[in-house]
Amino acid sequence: MIPAVQHWLADSRAKLRQGDLSESDLQQLETLLAEPVAEPRQMILYLYSKSTNMCSAIASWALFDPSQREAQADQLVASDTFSMAPTLPSQDVPYASLMDAVSAGWRVVQFPREELHPFSDTDNSYLGFGFILEKWTTGGGIR
Amino acid sequence: MNVVQPSMDDTQVMAFVSSGYVIAAGVVPDELNRQCEALPRGGMGDFVQTAEFRRGVLLNPAVAGVVRSLLGENFMVPTMAHHHLYEGPHAGQTSHFDGLTESGYGVTHLQCYYYPQAVEIDDGPTMVLPGSQYRLVDREAIAHYRDILGQLSLTVPAGTVVLTRYGIWHKAGPKFNPRRRGMIKFSYYRTQSPSRDWPGASAEIPSYRQPQRHPYVTEVEAYRDQRRCTRTWQWLCGLDETATVDHGERECSAIPLNDLELV
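Let me begin by describing the structure that accompanies this report.

Take the pairing of strand 2 (residues 58-64) of chain A next. For strand 2 of chain A, the buried fraction is high: six of the seven residues fall into the buried class. Two strands pair when backbone bridges link them, and strand 1 (residues 41-49) of chain A and strand 2 of chain A are joined in this way by six bridges, in the antiparallel orientation. Note that in strand 2 of chain A the partner of Tyr46 of chain A across the bridge is Ala62 of chain A. Two elements, strand 2 of chain A and strand 7 (residues 147-148) of chain B, share two bridges in a ladder whose sense is antiparallel.

Right, here's the structure in full:
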């Protein structure tokens, strides 16, 4: 719900209890509802878990956040690989596990399927077990 | 015959087998650093084959001693190099390795990064993933990887040469300023069969000891790393004759050490 409408409802309930709700309050609501609303955007988070178990530790992570790209548009260099402004590399895992990310509101949209996981009993290849998560938000950032 | 003395011992060679890199920090003379720092981006042409560059960089004892340890006698000395130069801020490259995978157990190709200027964290340092040199992947399929536990930003003093096993995952890190950040890349190749002829504490070849477990690996990957590194160690000691894989790039970009007329 739009935050301004939430505030209006809280105020109006109080006014209703006191018998103060008026036509002008309804006009104010109409104005609020007519205002353009920011469309939520899809943020994508890759988390590489050390096993298919969603409680396993995380080995790698990558956030693709469209709001970051828009906010930084004036700093971009035309040749940027990602058309993104630079951000420092990190060694701070954003979530200890998939379960922690899900608890924070991320929704899993792709699970690793063991039969598709590249397997050799002798050689390593791609990183761990990749889960792809999404969050729809008008804000941004990993948390 | 041009003689270069090996400079690594068993422990250092084992560390390289595990991590895939050796850092020779601040070893190139300042005067040559300043000259190289001013070079334009792109291929370096004949400058690579000047006596000054060979003496100061390619055959610098701190660099060539590592090459001699890992590639044996009469290794191929680079005749080509490329100056990767960044100036404006940028988001950084994606993780990759160059060219085709050299997937064998051996060490036949050392790819080197020389930094003529100091590199700080906001200068867009090269980043490497220790231990990734043995992973067999399609490099375009790892382009979405970003932060990985154990990744290393090569923040180094001026005149540093980083020697890597070809195939290590690397990328130019994010850059926040307009300072020039150059990196001159070149490669050495093996010509001789491997043998443990670096300075050793004992005549008996020690068993491989894994010096570290990389923080991003899974349980079973750690076992595979141990096995793979053991075979690479044995290969370097001349105990494992498993054929290794390279792609013949040496033919056009390097010359045997003994064919050089050093002045």
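Let us now look at the sheet that holds strand 6 (residues 126-128) of chain B. All names here are of chain B. Within the open sheet, the three strands sit side by side as 8-6-10. Their pairing is antiparallel. Looking along the sheet, the strands with just one partner apiece sit at the ends: strand 8 (152-153) and strand 10 (170-172). Alignment of strand 6 against strand 8, held across two bridges, turns out to be antiparallel. Looking at strand 8, one finds that Met127 is bridged to Ser153.

This paragraph deals with the packing of helix 2 (residues 30-37) of chain B against helix 3 (residues 51-58) of chain B. Residue and element names in this part refer to chain B. Two numbers describe how helix 2 lies on helix 3: the axes approach to 10 Å, and their chain directions differ by 115°. Comparing their axes, helix 3 and helix 2 come out roughly perpendicular. In the crossing of helix 2 with helix 3, the sense of the turn from one axis to the other is left-handed. Residue-level inspection shows Leu32, Gln35 and Cys36 of helix 2 in contact with helix 3, the latter providing Glu52, Phe53, Gly56 and Val57.

Scoring rules and cut-offs
- Residues numbered from 1 in each chain as written.
- Chains lettered and ligands numbered in written order.
- Predicted model: local features only at pLDDT ≥ 70, side-chain atom pairs only at ≥ 80, totals over all residues.
- Heavy atoms only, no water.
- Buried < 20%, exposed > 50% of the residue type's maximum accessible area, 1.4 Å probe, protein only.
- Helix = DSSP H or I, 4+ residues; strand = E, 2+ residues; numbered from the N terminus.
- Pairing = 2+ DSSP bridges.
- Axes fitted to C-alpha atoms, helices over the stretch in contact; angles between N-to-C directions.
- Parallel < 35°, antiparallel > 145°, perpendicular 65-115°, else oblique.
- Left-handed = near helix turned anticlockwise from the far one by under 90°.
- Contact = heavy atoms within 4.5 Å.

Taken by themselves, the reported measurements are silent on function.
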